[in-house]
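These are the residues of each chain, in order.
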Amino acid sequence: MDTFLAEIEQTIARWHGIAAPNDPARRMAADLVATIRAFEDQRGALAFEDEPASFEAALLATREE
Amino acid sequence: MTELADLTLVEAAAAVRLGQASSVELLDALWANLKAVNPQLNATIWLDREGAEMAARQADRAVREKAWLGPLHGVPMAHKDMYYQAGKLSTCGSALRKDFSPAITATVIEKLAAAGAYTFGGLNMAEFAQNPTGHNKTFGDCHNPWNLPYITGGSSSGSGASVAARCNYAALGSDTGGSIRLPAAACGVTGIKPTQTRVSRYGVMPLSFSCDNVGPLCRTALDCARIMTLIAGRDPRDSTSAQLPVPDYEAALDGDLRGLRVGVPTTYFLDDTDAPVVRAMEQALEVLAARGAVVQRITLPLMDAISACVSIISRVEAATIHAQWMRTRAADYGVHISSRMYPGYAIPGPY
């Protein structure tokens, strides 16, 4: 079994006492790799005090165009 | 008789008020259509003809006694089967709740009842409001009235199908990630996902507390406006409901759009869209522009970040509230639901 998926299953079992209910659940858990990558791409985009101020600023900037 | 079923919600309410039709006649008209088409559509999960008829007779008696309750007096309605009514079935579209009768009534149901409406059943829906198609393994799939093998869109499948098929004057749906907008579009009816917190969620089955919305699916914008005017507003029983005053949405529908700016995203929403869909949208924009609206093409900011967040928020929140059943009765869920929620338990809190 893929190491990443095995770790995910162990984490869920340890923290929540929940086992993978079926194979599609395992496949979707393995897809968390893509979710993690999407968040990696966002790293550095938000600073300590930016959120939600940066979102408001983006909205204002759009309004003023 | 079935011609009465062709009335809009606003017309049906006016017919009762003016004595042009009784509430019992409205109910009979909807029932005739239900009998004719519901075996094919499967738009309902349960029906309560006896209770509805009692309410209809009471409404007609009140008309005779000039005790008019409000702007939906005597109008029969059915809603997505996740709006709690004390003592009545509320299956949430799931085997896990197939016998569930809540002890409380949703604020929105109370508000509609205070305006004179009554319910005659619970409508089909995606299990726990968690799929975009209208498939349901426990209660059967809901079918599109325009083309039976086609999907209705979900999760408010029965709401879209029953209103489109003239079996229902209007229905409440709920929208967490498109569950009013999808069936409204696929079934050719008018739906509104209100601004977040505009409508109380007290007594409504939760899916994602950050993203859940209550809203109507109707035959016209005017019908939606009437329902929105009735159900919007602060509810002390829902601490997340907005404090803002409720405008008269119906009065705003005068057809004059001068001064209104309509933003049209040029990216993301239209990526890979089929040509007929784009054409229909452009035609709708032309109608709005002809009425005076300013159509402005915009590039939405932060869509990559929003997409990343959306991919986890609703499923983590759903996973949280379903954790106990996922431990003890995971096999009772549809596979697509349990498999979708499962990864949510591995996503760390800081996300």
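The shown structure was predicted, so the numbers you read here are calculated from the model rather than taken from an experiment.

Caption draft 1: Region of interest: the overall build of chain A. Counting its secondary structure elements, chain A contains four helices and zero strands. Along chain A, helices (α) and strands (β) appear in the sequence α-α-α-α when read from the amino end. Looking at the 65 residues of chain A, the share that counts as buried comes to 14%.

Caption draft 2: Up close: helix α2 (residues 23-41) of chain B. Residue and element names in this part refer to chain B. Residue K35 marks the point of greatest curvature in α2, where the axis turns by about 45°; the proline P39 follows within four residues. Contacts from the buried residues of α2 go to α1 (9-17), β1 (44-47), α3 (49-64), β2 (76-80), β3 (118-123) and α5 (157-164). Among the residues trailing α2, N42 stands out with phi positive, at a value near 60°.

Caption draft 3: A look at the interface of chain A and chain B. Counting from both sides, the interface comprises 24 residues of chain A and, opposite them, 22 residues of chain B. Contributions of two or more residues to the side of chain A that touches chain B are made by α1 (3-16), α2 (23-30), α3 (32-42) and α4 (53-64) of chain A. A per-element tally of the side of chain A that touches chain B places α3 of chain A first, with six residues. Along the lines of polarity and charge, the residues of the side of chain A that touches chain B split into 16 nonpolar, seven polar and one charged.

Caption draft 4: The packing of α1 of chain A against α2 of chain A, seen in detail. All names here are of chain A. The contact between α1 and α2 brings their axes to 9 Å, and the two run at 110°. Judged by the angle between their axes, α1 and α2 are roughly perpendicular. On the side of α1, the interface is formed by F4, L5, I8 and E9, while α2 contributes R26, A29 and A30. The class makeup of the residues in the contact of α1 with α2 is five nonpolar, no polar and two charged.

Caption draft 5: Structural context of the environment of M303 of chain B. All names here are of chain B. Within the element layout of this structure, M303 appears in helix α10 (residues 303-321). Placed 35 residues apart in sequence, M303 and Y268 show a C-alpha to C-alpha distance of 7.5 Å. When near neighbours in sequence (up to four residues on either side) are disregarded, M303 contacts T267 and Y268.

Caption draft 6: Representation of the sheet that holds strand β5 (residues 190-191) of chain B in the model. Residues and elements named next belong to chain B. Pairing in this open sheet of three strands is antiparallel, and the strands run β4-β6-β5 from one edge to the other. With partners counted over all chains shown, the strands left at the sheet margins are β4 (170-174) and β5, one partner each. Bridging between β4 and strand β6 (residues 214-218) involves five bridges; their strand directions are antiparallel. Its bridge partner being in β6, S174 is matched across the sheet by V214. Here helix α7 (residues 221-231) sits on the sheet and contacts β4, β5 and β6; the angle it forms with β6, its principal contact strand, is near 150°.

Caption draft 7: Structural context of the packing of α2 of chain B against α3 of chain B. All names here are of chain B. α3 packs onto α2 with a crossing angle of 150° between their chain directions and a minimal axis gap of 7 Å. With respect to each other, α2 and α3 are oriented roughly antiparallel. On the side of α2, the interface is formed by S23, V24, L27 and W31, while α3 contributes R49, A52, E53, A56, R57, A59 and D60. A breakdown of the residues in the contact of α2 with α3 according to their chemical character gives six nonpolar, one polar and four charged.

Caption draft 8: Structural detail: the sheet that holds β2 of chain B. All names here are of chain B. Across the sheet, three strands lie side by side as β1-β3-β2; this open sheet has mixed pairing. This sheet does not close on itself; its edge strands, each paired only once, are β1 and β2. Taking the axes of each pair of neighbouring strands and ignoring which way they run, one obtains an average angle of 35° across the sheet. Docked against the sheet, α3 engages β1, β2 and β3, running at close to 160° with respect to β3.

Caption draft 9: Examining the pairing of β6 of chain B more closely. Residue and element names in this part refer to chain B. Across the five residues of β6, five count as buried, placing the element largely inside the fold. On β6, burial covers both faces: V214, P216 and C218 on one face and G215 and L217 on the other are all buried. Here two bridges tie β5 to β6, and the two strands are oriented antiparallel to one another. Each residue of the ladder has a partner; that of G191, found in β6, is L217.

Caption draft 10: View of the confidence of the model for chain B. For chain B, per-residue confidence averages 95 on the pLDDT scale, and 99% of positions sit at 70 or higher. On the interface metric, ipTM, the complex scores 0.79, and its pTM is 0.92.

Caption draft 11: Main features of unusual backbone geometry. Residue and element names in this part refer to chain B. The linkage connecting G154 with the following residue, S155, adopts the cis geometry, with an omega of 10°. Its place among the elements puts S155 in the loop between β3 and α5. The phi torsion at Y268 lies on the positive side, around 70°, for a residue other than glycine. The topology assignment puts Y268 in the loop between β7 (261-265) and α9 (275-290). By C-beta crowding, Y268 is classed as exposed, having 12 other C-beta atoms within 10 Å. The phi dihedral of D272 is positive, around 60°, even though this residue is not glycine. By secondary structure assignment, the location of D272 is in the loop between β7 and α9.

Parameters and conventions
- Residues numbered from 1 in each chain as written.
- Chains lettered and ligands numbered in written order.
- Predicted model: local features only at pLDDT ≥ 70, side-chain atom pairs only at ≥ 80, totals over all residues.
- Helix = DSSP H or I, 4+ residues; strand = E, 2+ residues; numbered from the N terminus.
- Buried ≥ 20, exposed ≤ 12 C-beta atoms within 10 Å, placed from the backbone.
- Bend = angle between axes of the 7 residues up to and from the residue.
- Contact = placed C-beta atoms within 7 Å.
- Nonpolar A, V, L, I, M, F, W, Y, C, P; charged D, E, K, R; others polar.
- Axes fitted to C-alpha atoms, helices over the stretch in contact; angles between N-to-C directions.
- Parallel < 35°, antiparallel > 145°, perpendicular 65-115°, else oblique.
- Pairing = 2+ DSSP bridges.
- pLDDT = per-residue confidence, 0-100.

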